[in-house]
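Listed below are the residues making up each chain.
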Amino acid sequence: SQHTKVDDDRNEKAQAYYDRYSGQDWFDYSDQEAYRLAIGLGTKPFPIKVVGYIDWRRPELEVIGDHKSNSNDKFRPSDLALKADPQAIIYGAADMIHWPTDSMESRKFTHYYYPTTNKATSDFNEVEITKQELSDGLDRIADDLHDMIRDSNQTHASEVSPNKNACKDYGKCPFIGLCDE
C-alpha cells in the first residue's frame, strides 16, 4: 500500500491524542460498586439501577473517555449527537457524582475511534457537556427507562408504544416497510 499525506495527518492526530491522554487513569474494576450510577443529577428517579463502566478519565483535565471500534466514518456521531448520547450522559454524571471538583459546571467526554475496516480512520471526538445538559439527559433516560419497563410488561406487540426515533437505528428496522406508524 502507498503511504500518503492523509496517512501522515491521521498518524499525527492519533499521536497528539496519545500524548495528551497517555497518563489516563485506567480503571481497576475489582471494586465495581465504586463505578456504578444508580441515580444521577437529574430530577426524575431511575426505576432501575443503571450500570456504566468508564474506560478512562483524566481528572486534571476533567475529561472522561470511551474507546470505540469503527467500521465506517459515516456512522460516527456529530458533536450534537455525542452530547446527547446516553453513555456520555451517564459517564459524565457518574464522574461529577463520584469525583466532584471545584469547577462542577461541565465535563468533557471523548470517543476515541479504532478502525476495523479501510472505510474508517483513527480519530477522536471530544465534547463538553454542561451540568444542565447532564441533568436534562438523565431525565430523558429516566423517561425512556420508565417507558421500557412499561412496554416490557405487555403481552402483545400492539400494546407496545411505537418509537419512531428508532426506525433507522442499527441499519433500520426490518419492519419499516410494513409499519403503519
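Computed from a predicted model, the values in this text were never measured in an experiment.

> I would appreciate a short explanation of the overall build of the protein chain in the present structure.
Each helix and strand in the protein chain was counted, giving 4 helices and 5 strands. For the protein chain, with 181 residues in total, the buried portion stands at 31%. Look at the contacts in the protein chain between residues 6 or more apart in sequence, and 68% of them connect residues 24 or more apart. A total accessible area of about 11600 Å² is found for the protein chain, and carbon and sulfur atoms account for 52% of it.

> Sorry if this is basic, but what is going on with the nonpolar core here?
Soluble, globular proteins show a tendency: their nonpolar side chains are buried together. If you look at the biggest cluster of nonpolar residues, it comprises 21 residues, and the most contacted ones within it are Phe46, Ile89, Tyr91, Phe109, Ile129 and Ile141. It is helix H3 (residues 86-98) that provides the largest number of residues to this core, a total of 7 residues. Leave out the neighbours within four places in its chain, and Ile89 touches Lys83, Ala84, Ile129, Glu133, Leu134, Gly137, Leu138 and Ile141.

> For this particular structure, what's the right way to read the pairing of strand S3 (residues 63-70)?
Residues in a regular strand point their side chains to alternate faces of the sheet. With 3 bridges joining them, strand S2 (residues 56-58) and S3 adopt antiparallel strand pairing. Paired with Trp56 across the two strands is Gly65, which belongs to S3. As consecutive antiparallel partners, S2 and S3 are separated by 4 residues, and within that stretch Glu62 has a phi angle of approximately 50°, a positive value. Relative to strand S4 (residues 106-115), S3 is paired through 8 bridges, and the arrangement is parallel. Directly across from Ser69, in S4, lies its bridge partner Tyr114.

> In this structure, what is going on with the environment of Glu133? I would like to understand it.
Along the polypeptide, Glu133 turns up in helix H4 (residues 131-152). Each C-alpha atom of the pair Glu133 and Gly92 lies 9.9 Å from the other, and the pair is 41 residues apart in sequence. In this structure, Glu133 is in contact with Lys83, Ile89 and Glu128, ignoring residues within four places of it in sequence. There is a polar contact of 3.2 Å between the side chain of Glu133 and the side chain of Lys83.

> For this particular structure, what's the right way to read H4?
Side chains that are three or four residues apart share a direction in an α-helix, a result of its 3.6 residues per turn. In this model H4 runs 31 Å from its N-terminal to its C-terminal C-alpha over 22 residues, within 8% of the 32 Å that 1.5 Å per residue would give. For H4, every residue scored as buried is listed here: Leu134, Ser135, Gly137, Leu138, Asp139, Ile141, Ala142, Leu145 and Asp151. Next to the buried residues of H4 lie H3 and strand S5 (123-130).

Cut-offs used in this document
Residues numbered from 1 in each chain as written. Predicted model: local features only at pLDDT ≥ 70, side-chain atom pairs only at ≥ 80, totals over all residues. Heavy atoms only, no water. Helix = DSSP H or I, 4+ residues; strand = E, 2+ residues; numbered from the N terminus. Buried < 20%, exposed > 50% of the residue type's maximum accessible area, 1.4 Å probe, protein only. Contact = heavy atoms within 4.5 Å. Areas by Shrake-Rupley, 256 points an atom, 1.4 Å probe, with all protein chains shown as cover. Core = buried A, V, L, I, M, F, W, Y, C linked by side-chain atoms within 4.5 Å. Pairing = 2+ DSSP bridges. Polar contact = N/O pair within 3.5 Å; in protein donor to acceptor, adjacent residues only side chain to side chain. Expected span 1.5 Å × (residues − 1).

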